[in-house]
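# Working through the structure, step by step
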Amino acid sequence: MSVHPIETILPHTAPMILIDSLDSYDENTGVCSVTITPQSNFYNADSQSVASHVGIEYVAQAIAAYANANQVDSGAKVEIGFLVSSRKYKMHCNRFALNSKLTVKVEKLYSEANGLSAFDCSIKEAGTLLVEAKINVFQPENPEQFLAEQM
């Protein structure tokens, strides 16, 4: 496992990078961190929190960070991917409170040759399960060509 600054492995630019770091990864899993601060995107000052439905983007970015770190390690470049669907996105809380230190874990369930993959995902704080989901993603072989064909 190499250390990759998050902005080098996510195909986003500030302020849309929502996760803080990729803490560990291997061939099948990735673990990222997010700390909720007043500067967090989607932070609500009235409730001093971020709504837990934003967690779907946390797990999507964790999948991208995990996948791109593995690609970079194998000599490939960072590529974009697409969140296709979520199955059973279960929120065990309504919001992520100010100063929460979230652990976002993604585990690849399978990956097809056509670029479709499925992941088991969770968001925890201090070991307490806050969100769980199954996420389906698509990473085409040539993302630029795929996007051009969709227009």
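You'll find the structure just up there.
This part covers the overall build of the protein. A count of helices and strands for the protein gives three helices and nine strands. Listing every helix and strand of the protein by position from the N terminus yields α-β-β-β-β-α-β-β-β-β-β-α. On C-alpha atoms alone, the protein measures out to a radius of gyration of 15 Å, which is about the 15 Å that the 2.2 N^0.38 rule sets for 151 residues. With the C-alpha coordinates of the protein rotated into their principal frame, the extents come out at 45 × 35 × 30 Å. In the protein, which comprises 151 residues, the proportion classed as buried is 36%. Relative to all contacts within the protein whose residues are 6 or more apart in sequence, the contacts with residues 24 or more apart total 64%. Carbon and sulfur atoms make up 51% of the accessible area of the protein, which amounts to about 8400 Å² in all.

Through backbone hydrogen bonds, the strands of a sheet pair up, either in parallel or in antiparallel fashion. Pairing within the open sheet is antiparallel, and its six strands lie in the order β1-β2-β7-β8-β9-β5. Two strands close off the open sheet at either side, each with one partner strand: β1 (21–25) and β5 (82–91). Across the sheet, the mean angle from the axis of one strand to that of its neighbour is 25°, orientation sign disregarded. Bridge count for β1 against strand β2 (residues 29–35) is four bridges, and the pairing is antiparallel. When the bridges of β2 are listed, L22 appears paired with C32. In the packing of helix α2 (residues 55–73) onto the sheet, contacts are made with β1, β2, β5, β7 (101–111), β8 (116–125) and β9 (128–138), and the angle to β7 comes to roughly 60°.

About the thresholds
Residues numbered from 1 in each chain as written. Predicted model: local features only at pLDDT ≥ 70, side-chain atom pairs only at ≥ 80, totals over all residues. Heavy atoms only, no water. Helix = DSSP H or I, 4+ residues; strand = E, 2+ residues; numbered from the N terminus. Rg over C-alpha atoms; globule rule 2.2 N^0.38 Å. Buried < 20%, exposed > 50% of the residue type's maximum accessible area, 1.4 Å probe, protein only. Contact = heavy atoms within 4.5 Å. Areas by Shrake-Rupley, 256 points an atom, 1.4 Å probe, with all protein chains shown as cover. Pairing = 2+ DSSP bridges. Axes fitted to C-alpha atoms, helices over the stretch in contact; angles between N-to-C directions.

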